[in-house]
Each structure stands twice: as C-alpha cells, then as structure tokens.
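Descriptive analysis of the structure
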Amino acid sequence: MLDISQLRVVYPNGLEALKSVSIQAERGEIVAIIGRSGAGKSTLLRCVNGLQPVTSGTVRLDGEEISAMSGEALRKVRRYIGFIWQEYNLVERLPAITNVLTGRLAYNSGLASFFGYFNAKHRAIAIASLERVGLLHRANNRADRLSGGEKQRVAIARAISQEPKIILADEPVASLDPELSVQVLSDLSRVARELGVLTLINIHQVEFARQFCDRIIGIARGEVVYDGSPDGLTEPVLDSIYRFDRPNADVSSPFEAEPEDLPAEVVA
Ligand SMILES: Nc1ncnc2c1ncn2[C@@H]1O[C@H](COP(=O)(O)OP(=O)(O)OP(=O)(O)O)[C@@H](O)[C@H]1O
Ligand SMILES: [Mg+2]
C-alpha cells in the first residue's frame, strides 16, 4: 500500500537528509519511526505527505506516485493522508467540532466551505470521529480552552474524519507529559487499529514505540538501520540507531561531546 523506494533527499544547502530509504507498509500497520534528532524522520514524513520535493526515488500510495505529483493531483491524494503535528495545528478560536470538520474540507465544495457549510454527511462523520476519541462532550468547546491531551485527540479526530488511507504523526506527544502521552498514544493506536489505517509515528521515546507500535523503523543519518518488530530492538540495535558517529566529528577530543553521545569504547 505504501511503497517508498530508494528515496533520497538533498536539501538546497547540500545536506543529504535521506540517503536511499526503502520502506513497504500495509494497511493496518502501526509503525514507529525512531532515531536521533536530525536523523531524517520529519523529512521522511514530509515526503510521504508530498510536502517535500524528493531528489530521487519514489513514494507511492496505492500505486499513485506522490513524489511525482503537484497541484490538483497532489491535493486530491492528500485527502487520504491525515497528519498529526506536535503542536496540534488547531484553529484555536473555533470549537472542537469545527476543527474536526476541517478534515472534511477537501471533500466539500469550495463555495460551501467558504460559507462554513458542511452537509449532514460531513457533520455525521465529524461527530463520529470526535466520539471515537471520547471527546463528544467537548464538541462545542473552543480549541484554546482544551487541555493539551484533548487538543491532540481533536487532531486525531480531524485526521480520521478525512477517512484516511494513512495517518502520519510527527512527534505527536512531544508537548505532553508522560501520563497524557500514554493516553494520546493509546487513543491513536486504538483508533488506527479499529479503522485499519496504516499509521507512521515519529517518536523519541523508545518505550512508547515498543508499547504502542507493531513495527519499528530505526533511522540513523538518513538511512534505515533497523526495520522489524519491537522484540528485535535489542541493545546493539539501539546502539546502531542512537550511537554517536558523525563523520566529521573529532573523536580524538571526546570532551567536546556529551558523554552519553559517545560509543562505549570511547567513554571507557
Ligand atoms: N529545510 C531544510 N533545509 C536544510 N536542511 C534541513 C531542512 N530541514 C531539515 N534539515 C536538516 O536535515 C536533517 C534531517 O532533519 P529532520 O528534521 O528530518 O530530522 P528529524 O529526525 O525529524 O529530527 P528531530 O528529531 O530533531 O525532529 C537535519 O540535519 C536537519 O538539520
Ligand atoms: Mg523531526
């Protein structure tokens, strides 16, 4: 269903953020993407969402080549791609239900949307989405009056109201405390499982990745260095994902680096 093949992204400043990334994923899978800061996780999700021009390689969703699309074609395919951001991206002064309805915008006529009109079908889907994340009782609350955990659940409801083929979540719990993080991730993974939606989650906490995802992809320096089950995420594998080995770093001066950044043999 999702087929990423030999994806390479070089930013205009010459930085090679993704080298030759190939990932296949099927409907219903819940996949964590882990890796150090700067590894290329967000770049990867932006490529899947069609926001990031690719240097070479392809991203296909159900056979449609997202990486080659622009304009109207891209807009159409992005209907089916739900995106969840760290900072929620809600319209703060609008009620929760209206925020969820924006997930239906791409299905509504331009004129109707301009006047804020959504027909009964759109409204029913938005209500069902909010109910699925347990927030129907907050439907009329303005987004800025909701807690962080509630905001992120509204963002999940907005994503599922798109009737997505795929949900992309870029560090969805990075702004939440551990307790709320668990609530939001359990909602997200439960809803994705119930609906059978392929879900890719960029996440920093390895424990959450293990707990809520079926598959873990480890990225280091723009390359996939692990792709498998949470059980296979052993210490040596984690080391290969998180170890310190920037090619240009001066390893002969270990005091310039944080000790936890250094491989065990250097610290010893
Ligand atoms: N627009 C850009 N122009 C140039 N370099 C960029 C751009 N966006 C990201 N980068 C660089 O590309 C690399 C990968 O960035 P990316 O944001 O994908 O990492 P990440 O794994 O999501 O990191 P984090 O965990 O901090 O979010 C980094 O070195 C980053 O500085
Ligand atoms: Mg990122």
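The model shown is predicted, which means the values in this text are computed figures rather than measured ones.

Another point: the pattern of salt bridges. With the rule as written, the count across this model stands at 16 salt bridges. Among the salt bridges present, the one from Arg138 reaches Glu150, with a minimum N-O distance of 2.9 Å. You can see Arg138 sitting in the loop between α5 (120–132) and α6 (148–161) and its partner Glu150 sitting in helix α6, a full twelve residues away along the chain. With relative accessibility at 27%, the residue Arg138 sits in the partly exposed group. Owing to a relative accessible area of 13%, Glu150 belongs among the buried residues under this scheme.

Now for unusual backbone geometry. Of note in the backbone geometry, Gln6 takes a positive phi value of approximately 45° without being a glycine. Position of Gln6 among the secondary structure elements: in strand β1 (residues 2–10). Within the chain, Asn89 stands out as a residue other than glycine whose phi angle is a positive 55°. Inspection of the secondary structure puts Asn89 in the loop between β6 (81–84) and α3 (96–101).

At their nearest, the axes of α5 and α6 sit 8 Å apart, and the two run at 135° to each other. One finds that α5 runs oblique with respect to α6. Considering how the two elements wind past one another, α5 and α6 form a crossing that is right-handed. Contact with α5, carried on its side by Ile125, Ser129, Leu130 and Arg132, involves Val154, Ala157, Ile160 and Ser161 of α6 and no other residues of that element.

What follows deals with the side chain of Glu29. Relative to the assigned elements, Glu29 resides in the loop between β2 (16–25) and β3 (30–34). Those residues in contact with Glu29 that sit more than four places away from it in its chain are Gln24, Val197, Leu198, Thr199, Asp214 and Arg215.

Turning our attention to the nonpolar core. Ile34, Leu130, Val154, Ile203 and Leu233 are the most contacted members of the largest nonpolar core, which has 47 residues in total. Of all the secondary-structure elements, those providing two or more residues to this core are β3, α3, α5, α6, β7 (166–170), α7 (178–195), α8 (206–212) and α9 (235–242). If one sorts the elements of this core by residue count, α6 sits on top with six residues. Counting 30 residues, the second largest nonpolar core, distinct from the first, contains Val48, Met69, Phe83 and Leu198.

Here the focus is the sheet that holds strand β4 (residues 56–61). Ordered by their spatial adjacency, four strands build an open sheet running β2-β1-β4-β5, and the pairing between neighbours is antiparallel. Edge positions in the open sheet fall to β2 and β5 (64–65), since each of these has one partner strand only. In terms of strand pairing, β4 meets β5 through two bridges, oriented antiparallel. Across the sheet, residue Leu61 finds its bridge partner in β5, namely Glu64. Across the sheet, helix α1 (residues 41–48) lies against β1, β2 and β4, angled at about 120° from β1, the strand it touches most.

How each quantity is defined
Numbers given for residues are sequential positions, taken from 1 along each chain in its written order. Whichever chain is written first becomes A and whichever ligand is written first becomes 1, with later ones labelled in order. Under the rules for a predicted model, residues below a pLDDT of 70 receive no local features and side-chain atom pairs below 80 are neither given nor counted, while totals for whole chains, interfaces and linings still include all residues. With hydrogens and water excluded, all non-hydrogen atoms of the structure serve as input to the side-chain values. Just to be clear on terms, a salt bridge is a Lys or Arg side-chain nitrogen sitting within 4 Å of an Asp or Glu carboxyl oxygen. Working definition: helices are DSSP H or I runs of at least four residues, strands are E runs of at least two. Numbering for both runs from the N terminus. Classification of residues uses two cut-offs on accessible area relative to the type maximum, computed with a 1.4 Å probe and protein chains only: under 20% is buried, over 50% is exposed, and between them is partly exposed. Fitted lines through C-alpha atoms give the axes, limited to the stretch in contact for helices. The angle between two N-to-C directions lies from 0 to 180 degrees. By definition in this entry, angles of less than 35 degrees are roughly parallel, angles greater than 145 are roughly antiparallel, angles of 65 to 115 are roughly perpendicular, and the rest are oblique. Less than a right angle of anticlockwise turn of the near helix away from the far helix marks a crossing as left-handed, whereas a clockwise turn marks it as right-handed. Contacts were defined at the residue level, with two residues in contact if any of their heavy atoms lie within 4.5 Å. Only buried residues count toward a nonpolar core, which is a set of Ala, Val, Leu, Ile, Met, Phe, Trp, Tyr and Cys residues joined through side-chain atoms within 4.5 Å. Strand pairing requires that DSSP identify at least two bridges connecting the strands.

Just geometry here; none of it tells us what the structure is for.
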